[in-house]
Amino acid sequence: MRLRFAPSPTGYLHVGNARVAVANWLVARQQGGRFILRFDDTDTERSKPEYASGIEEDLRWLGLDWDESFRQSDRLDRYEAAAEKLKKSGLLYPCFESEEELRFKREQRQKQGRPPVYDRAALKMTPEQLERALANGKTPYWRFKLGMRSVEWQDGVLGRRQVKLPPISDPVLIRADGSFLYTFTSVVDDLETGITHIIRGEDHVTNTGVQIDILEALLGRPCAIRFAHLPLLTDADGGPLSKRLGSMGLRQLRRDGIEPAALVGYLAALGSSADPVAAPAAGLVAGFDLSRISKSTARFDPAQLLGLNRRYLHGLDFATVKDRLPEGADEAFWLSVRGNLDLLAEARDWWEVAHGPLTVPPQPEEAEFLRQALDHLPPEPWGEESWSAWTRALGAATGRKGKALFLPLRRALTGEDHGPELRLFLPVIGRARAEARLRQAAGL
């Protein structure tokens, strides 16, 4: 089994193509196959080396590796050879119409109530007409002559699929400047690198029908590649995700602090009946099942991803995150704050709350209560039982309980109404800082 992920290095990865990469990688690893990274970089104007490097970096961040890698720009001779084969068979034919002429033809066909497909006028050119066009300095572009048939396959996600070729214009495979289009180069690469399974987005279904026809023309026999098309993603409101790709780019999610284990786990389960589990990519291999993915569109909900990220952080031990915590942070600090984090970067904020100079808001209406809190502040050493002992004694002395007891103390100690569990966080703050903050809040 050989699968591939074939991004165009004309930009960075977003969640839509990252989902495709994850699915291909999981199937390849589950079946003991090969995962190939191919850069479809024949668009020389838009393709950039920094995008290719960025894509590799993002894939590694997700925990995905690859067994082989190559760029289409290094294989131009292979496309030339394949094109010559199709030209000799008469299936790749030269055309000379300008874009204006093609537009006029489409408009005329539409006025006549006919589908606006290419009329194959170039096929009717005589050898003399072809020679005259070339002699006049015209440079042809090349179209592939599609079969007058329907292409069918059993899709790994969508079930039985059929693409009728007659209503589709013969695709242009080579531009007038000699450059090759994706439709062609992808077929040649899939054929020559022995790809056995292709998993990609549902927007490629029609393209698959066309490419199967080209594949079989090059092979001279039926195509053996198996296809699976993932339904497209929408945003949380059911709208097109493509309109929000800026916010759904992997680089932005990474900057926002999303953990790769949360993102890869979310993408692996998206659109399926499985509950998402945040885990390193390797930990998702055994449980991945392409057949569980629904035929319906799937919603990418940032709130769900953030919730998964939160649950993942809450379960991480100190050894896993210590290199990413503020300098000086120890296990006691991590255990005290991890249950309050949506993103790991928030740990730094709580480090500042615990150890930094902190100006807490004054509570003149609670001055007497806070003075009593100072009087009952237990001596060090402090541990997990110190908070309970302190608040128990303070509650008995003041008659307070619940929010009236706890909220003024939290505000005085952290400057916030919500935050880490004070049973764990109070020992991290320490008695000296706690006393100074209580005095500040009480106006002493």
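Preceding block: the structure.
Quick look at the structure, then. Computed from a prediction, not measured in an experiment: that's the story for all the values here.

### Section: the nonpolar core
Residues V15, F184, L263, F300 and F425 are the most contacted members of the largest nonpolar core, which totals 126 residues. Ranked by residue count, the leading element in this core is helix α1 (residues 15–30), at ten residues. Among residues more than four places away in sequence, those in contact with F184 are Y79, A82, A83, L86, L173 and I214.

### Quick look at helix α15 (residues 386–398)
Taking 1.5 Å of rise per residue, the 13 residues of α15 would be expected to cover 18 Å, and the 18 Å separating its terminal C-alpha atoms lies within 8% of that figure. Three or more residues of α15 are buried, namely S386, W387, W390, T391, L394 and G395. Buried positions in α15, seen along its axis, are confined to an arc of 150° and lie on one side of it. Of the exposed residues in α15, the ones pointing more than 90 degrees away from its buried face are R392 and A396. Packing partners of the buried residues in α15 comprise α14 (367–375), α16 (403–414), α17 (422–429) and α18 (431–442). One or two steps after α15, the chain reaches G399, where phi turns positive at roughly 80°.

### Remarks on the side chain of Q72
Here Q72 is to be found in the loop between β3 (68–71) and α3 (76–88). There is a polar contact of 3.1 Å between the side chain of Q72 and the side chain of D40. If we ignore the near neighbours within four places in the chain, the residues touching Q72 are R38, F39, D40, D41, T42, Y79, T185, S186 and D189.

Calculation criteria
- Residues numbered from 1 in each chain as written.
- Predicted model: local features only at pLDDT ≥ 70, side-chain atom pairs only at ≥ 80, totals over all residues.
- Heavy atoms only, no water.
- Core = buried A, V, L, I, M, F, W, Y, C linked by side-chain atoms within 4.5 Å.
- Buried < 20%, exposed > 50% of the residue type's maximum accessible area, 1.4 Å probe, protein only.
- Helix = DSSP H or I, 4+ residues; strand = E, 2+ residues; numbered from the N terminus.
- Contact = heavy atoms within 4.5 Å.
- Expected span 1.5 Å × (residues − 1).
- Arc of directions from axis to C-beta.
- Polar contact = N/O pair within 3.5 Å; in protein donor to acceptor, adjacent residues only side chain to side chain.

It is worth stressing that arrangement in space is one thing and function is another; only the former is reported here.
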